[in-house]
Amino acid sequence: MILNPKSLEKLRLLINEETEYRSGLQLIRFFNSLGFNDSYGQGFPSRWMYTDEKLERINGTPELDQCIRMVLNPANFIDRFTELDNCISEFNKFLAFDKWKIVREGADIKFKKLEKVEIEEPPPPVQTDTEDEFLRREFSNVSVLKIGLDGMVSELLEQRIKEIEKCYSSGAYLSVILIAGSSLEGILLGLAIRYPRHFNTAASSPKDSSGKVRQFHEWSLSALIDVAYELGLVQHDIQKFSHTLRDFRNYIHPFQQMSSGFSPRQYTAKICLQVLKAAIHEIGDNVEKINT
């Protein structure tokens, strides 16, 4: 099987973090089981560069088939078969353009050759107006890497998301709010730096008294959210609840928190975590729009 670059990129995400997080050492072991003979030490590149290089080398060989079966091995998803099927479904969206499809039959992963490109049309976007409706939305396999920011920045943001989830589980709700807000700002600022023309020419871009667009480091989180919405990177509900996250994040200043009597609750932290996940999910799906 020969895959196009986009399919290989999706496979890299599945290997590196979407099925499970694999460290550099774990990636070495993974690919050595496919016939490589690498060792982990000083000079190891970023995880995504290493995986990309290995996938390019095995593309079109039997080792690629073996690689896919390894990463989607049902034995690694005991009590998580719904998650496995979601991973397969998402990967099939890419494989369709290679005229391939993965089918799970019990514990077996099989490959089906297609006669033509089969595309499943997406349902209409869901607009949510209330907090409860927003919180009921589910996002699986959320990954910053899909957005396409600089590799090191993406990996740092991935680590932050894991830290946020740990904070939420341990009841550190103020930490959830503050890290989620700064992470969202980092993602949007990274996009602005990568696509300066689109962000600078947006009608909602912030301007100084002379009408000149401000430098990106002067943009507020609010401005970044509004421009992301204008560019179609996020929908209205994300724009709406992102501003809620922005307002809560202002309590990074202790005196402001003290004067307002704000005490973060689990529900508040849950909204902020959901905002971040939803934004990452939607931006990852829509970022290609501003490439065209």
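Summary of the structure given here. This structure is a prediction, so every number in the text was calculated from the model and none was measured. (Residues numbered from 1 in each chain as written. Predicted model: local features only at pLDDT ≥ 70, side-chain atom pairs only at ≥ 80, totals over all residues. Heavy atoms only, no water.)

## With respect to a nonpolar patch on the surface
Heads up, the condition is: Two joining distances apply to patches: 9 Å for like charges and 5 Å for nonpolar side chains (Val, Leu, Ile, Met, Phe, Trp, Tyr), and every residue must have over 30% relative accessible area and no salt bridge. For accessible areas, the Shrake-Rupley method is used with a probe of radius 1.4 Å. Any residue's cover is judged against the shown protein chains and nothing else. When a carboxyl oxygen of Asp or Glu is within 4 Å of a side-chain nitrogen of Lys or Arg, the pair counts as a salt bridge. Helix and strand labels come from DSSP, where a helix needs a run of H or I of at least four residues and a strand needs a run of E of at least two; each type is numbered from the N terminus. Categorising residues by exposure relies on relative accessible area from a 1.4 Å probe, with only protein chains included: less than 20% of the type maximum marks a residue as buried, more than 50% marks it as exposed, and the intermediate range marks it as partly exposed.
On the surface, a cluster of nonpolar side chains totalling about 290 Å² of accessible area is made up of Phe-97, Val-117 and Ile-119. Looking at the secondary structure, you find Ile-119 in the loop between β2 (108–113) and α6 (131–136). Using a relative accessible area of 53% as the deciding quantity, one classes Ile-119 as exposed.

## Some remarks on the environment of Leu-72
Defined as follows: Contacts between residues were defined by any pair of non-hydrogen atoms, one from each residue, lying within 4.5 Å.
Locating Leu-72 in the fold gives a position in the loop between α4 (62–71) and α5 (81–95). A relative accessible area of 0% places Leu-72 in the buried class. Along the backbone, Leu-72 and Leu-14 are 58 residues apart, and their C-alpha atoms lie at a distance of 8.6 Å. When sequence neighbours within four positions are dropped, the list of residues in contact with Leu-72 reads Thr-19, Phe-77, Leu-84, Cys-87, Ile-88, Phe-91, Ile-102 and Ile-109.

## Examining the environment of Leu-276
Tracing the backbone through its elements, the reader meets Leu-276 in helix α13 (residues 266–286). Separated by 134 residues in the primary sequence, Leu-276 and Val-142 have C-alpha atoms spaced 9.8 Å apart. The residues touching Leu-276, leaving out its near neighbours within four places in the chain, are Ile-161, Ile-164, Ala-180, Ser-183, Leu-184 and Ile-187.

## Remarks on the nonpolar core
It is characteristic of soluble globular proteins that their nonpolar side chains tend to be buried jointly. Here is the rule we go by: We define the nonpolar core as a collection of buried residues of types Ala, Val, Leu, Ile, Met, Phe, Trp, Tyr and Cys that are connected through side-chain atoms lying within 4.5 Å of one another.
Ile-187, Leu-188, Leu-191, Phe-199 and Leu-233 are the most contacted members of the largest nonpolar core, which has 47 residues in total. Excluding residues within four positions of it along the chain, Leu-233 makes contact with Leu-191, Phe-199, Ala-228, Glu-282, Ile-283, Asn-286, Val-287 and Ile-290. The next biggest cluster of nonpolar side chains, apart from the first, holds 31 residues, and it includes Leu-14, Leu-72, Phe-91 and Trp-100.

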